[in-house]
Each structure stands twice: as structure tokens, then as C-alpha cells.
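Here's the letter readout for the chains.
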Amino acid sequence: MTSNPSRTCLALATIVLAWPAGAASQSPTDWAIHDLERPQPPLVTAGTFGTQDAPGKPPSDAIVLFDGTDLSVWKSSKDGGAAGWKVENGYMEIVKGTGSIETKQAFGDIQLHVEFRTPTPPEGESQERGNSGVFPMGRYEVQILDSYENKTYPDGQAAALYGQYPPLVNASRPPGVWQVYDIAFQAPRFDADGQVVSPARATVFHNGVLVQHASELTGPTAHKKRPPYEAHGEKLPISLQDHSNPTRFRNIWVRELQPRPSPSK
Ligand code: MG
């Protein structure tokens, strides 16, 4: 069977993870069962599915963050200047030392699709092989690593919520093969005093396999420590990590999700 990295995860993510604006954001008890007056979910034209040779198309309501041509929606996390990563042949590649990059636009609750390819032949071991990361809100890392026959600490392997949750399984493909993360991220909620009302939550499919199931983050990502939350805005940029390894990316898109009511309300 032809390898098809996007088909399963895109379908799952679209069907399972997305809650549309309007109808689904309201409590079931606000409506009589099967009430025909209840708002219809918005229409979305589904995307198409990619292959190893070519990425698919995003759904119609997605914001495209990288279509293989340029880094115009990204900036340097270090100084806010132009993103320093290389773009060629339909992918972007980390350029060691140029620093992490982040979106110019800020996001809160999202569905995020990211395709990545760790370097081949592989170089380095453990955390030094194909390391990068996807950070919703710039502070909560879904780890990117070459975890194909490359042992490291479980809460730092591919698809870990770094330092907190190992993936449920290791669904990694070999180096040099395109892989997919489909992430549903719910931003943390804070009250007026900066206390956590509800923690950040992340659900992740890795190559179509569920690897994080509404995992509740204990706070922002850090190395060798687990700091507590610090209150922050409702929307912040998404960032990608420069960890000095030339990992590549293609076909990155995001859908903004209607915020759900706080559990305290
Ligand atoms: Mg990383």
C-alpha cells in the first residue's frame, strides 16, 4: 500500500477534534433534544490527503502557515526580524543558530497540522537527533525528535509533551520520511488574579495514531524542571524550535476553534 501520511490523521482530526463555532459550543441543556432551531454547524470543505511526494490541501477554513513557498507569516523569536530558516523544494529547513521562529499572528484554541521530516542519514543520539518542537502559544512543546530506533528519556521523545507526558505509543517513522502531527490544543484559562481556572490540554495524533489524549499540562515547557503556570494572554504566537538539527517542515496549517465556556461559568 502506498504510504499516505496525511490521510488518516487529517480525517481523524477533522472528524474527532474540531468543534465548530456556534452549535457545538453551547451546552446540550440549552436546547431541547433534536431541536431543529438549534444553529447548524458552519460548512467546511474538507482538505485533500497528502503522500510522501506531495502534501495535501488544508480544509477551507484553515489559516495556512506554510505552503512550501515562503516564511512571510513567520518571524524570528529572538529579535522579531525575518525568520532565518531555509526554504527550498517545497519545504523549510532549520538553519542551525538562526534561532526559533514564531507566527506573526497569535492563536488560542487551535487545531494545528504540521508535517516534518528528520534528517537522513541520522546523526547524533538521544536528544541530538532530529530535535525540534512545535509550541502552541510559544510555551507548550509537542516534541519533535527522530525517535526511530533512538532511545531517549520517554518524556522527551517524539510526540511527548516535553518533560510531562510521554506519547501513549511510539508511532515514529524512519528518518527522511515525512511525518504528521495533528494537534488539538486548548489554551489554559486564568482568572483575574492570574490563578489557573483550567489547564492547557493537548490531544495529538502522530501519523494518524492517538498519542496524547486530552493531556492536561502542568505548566509551560522547561528543561529539567516543571515550572508552574504564569498567567498570559488568550492568544499568543505558535513557535517552531531551532535545536541545531536540520529538521524540515512542510504543509503547516491551523484552524482557530471557538472558545468553549470556562468550567467555572
Ligand atoms: Mg525539542
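Participant: Could you give an account of the overall build of the protein chain, naming the residues involved and the relevant values?
Facilitator: A count of helices and strands for the protein chain gives one helix and 15 strands. Among the 265 residues that make up the protein chain, the fraction classed as buried is 40%.

Participant: I'd love a proper account of the sheet that holds strand E5 (residues 101-107), names of residues and values included.
Facilitator: Backbone-to-backbone hydrogen bonds join strands into a sheet, with any given pair of strands oriented parallel or antiparallel. Here we have five strands laid out as an open sheet, ordered E2-E5-E14-E7-E8, and antiparallel in their pairing. Because the sheet does not close on itself, it has two edges, and the strands there are strand E2 (74-76) and strand E8 (142-144). Each adjacent strand pair in this sheet contributes to an overall mean axis angle of 30 degrees, direction not counted. Pairing between E5 and strand E14 (residues 236-240): four bridges, direction antiparallel. When the sheet's bridge partners are listed, Ile101 is paired in E14 with Leu240.

Participant: Explain the nonpolar core residue by residue, including any values.
Facilitator: One finds Val134, Val142, Ile183, Ala202, Val204 and Phe249 to be the most contacted residues of the largest nonpolar core, which totals 47 residues. Sort the elements by how many residues they give to this core and strand E9 (residues 179-186) lands first, with five residues. Beyond its immediate sequence surroundings of up to four residues, Ile183 is in contact with Leu112, Val134, Pro136, Val142, Ala202 and Val204.

Participant: Which residues make up unusual backbone geometry, and what are the values?
Facilitator: For the bond from Thr120 to Pro121, the omega torsion is -5 degrees, close enough to zero to count as cis. Along the chain, Pro121 falls in the loop between strand E6 (110-117) and strand E7 (132-135). Although it is not a glycine, Met137 adopts a positive phi angle of roughly 60 degrees. Backbone geometry places Glu149, a non-glycine residue, at a positive phi of 55 degrees.

Participant: An account of the confidence of the model for the protein chain is needed here, citing residue identities and associated values.
Facilitator: With 88% of its residues at a pLDDT of at least 70, the protein chain reaches an overall mean of 91. The low-confidence segment residues 1-23, where pLDDT is below 50, has 57 contacts with residues more than four positions distant or belonging to other chains.

Participant: Can you tell me about the environment of Ala214, naming the residues and giving the values?
Facilitator: Within the secondary structure layout, Ala214 lies in strand E13 (residues 209-216). Judged by C-beta crowding, with 9 C-beta atoms within 10 Å, Ala214 ranks as exposed. Note: C-alpha distance between Ala214 and Ala200 (14 residues apart in sequence) is 9.1 Å. Once residues within four sequence positions are removed from consideration, Ala214 is found in contact with Arg201 and Thr203.

Participant: Kindly report on the pairing of E14, identifying the contributing residues and their values.
Facilitator: In the case of a regular strand, side chains alternate between the two sheet surfaces. Sheet topology note: the E7/E14 ladder contains two bridges and is antiparallel. The partner of Phe135 across the bridge, within E14, is Ser239.

Participant: I'd like a description of the pairing of E7, backed by residues and values.
Facilitator: Of the two faces of E7, both are covered, the one formed by Ser132 and Val134 as well as the one formed by Gly133 and Phe135. Strand direction decides the pairing type here: E7 and E8, joined by three bridges, are antiparallel. Residue Gly133 lies in a different strand from E8, and its bridge partner there is Gln143. Linkage of E7 to E8, two consecutive antiparallel strands, is achieved through a turn of six residues, within which Met137 is found at a positive phi near 60 degrees.

Participant: Tell me about the environment of Asp242, and name the residues and values.
Facilitator: Turning to its location among the elements, Asp242 is positioned in the loop between E14 and strand E15 (248-256). A sequence separation of 142 residues divides Asp242 from Ser100, and the C-alpha atoms of the two residues are 4.6 Å apart. Contact partners of Asp242, with chain neighbours within four places excluded, come to Ile94, Thr98, Gly99 and Ser100.

Participant: Talk me through the environment of Tyr229; I want residue IDs and the actual numbers.
Facilitator: Structurally, the position occupied by Tyr229 is in the loop between E13 and E14. Along the backbone, Tyr229 and Val196 are 33 residues apart, and their C-alpha atoms lie at a distance of 7.4 Å. With residues up to four places along the chain from it excluded, the contact list for Tyr229 reads Pro188, Val196, Gly219 and Pro220.

What counts, and at which threshold
Residues numbered from 1 in each chain as written. Predicted model: local features only at pLDDT ≥ 70, side-chain atom pairs only at ≥ 80, totals over all residues. Helix = DSSP H or I, 4+ residues; strand = E, 2+ residues; numbered from the N terminus. Buried ≥ 20, exposed ≤ 12 C-beta atoms within 10 Å, placed from the backbone. Pairing = 2+ DSSP bridges. Axes fitted to C-alpha atoms, helices over the stretch in contact; angles between N-to-C directions. Core = buried A, V, L, I, M, F, W, Y, C linked by C-beta atoms within 7 Å. Contact = placed C-beta atoms within 7 Å. pLDDT = per-residue confidence, 0-100.

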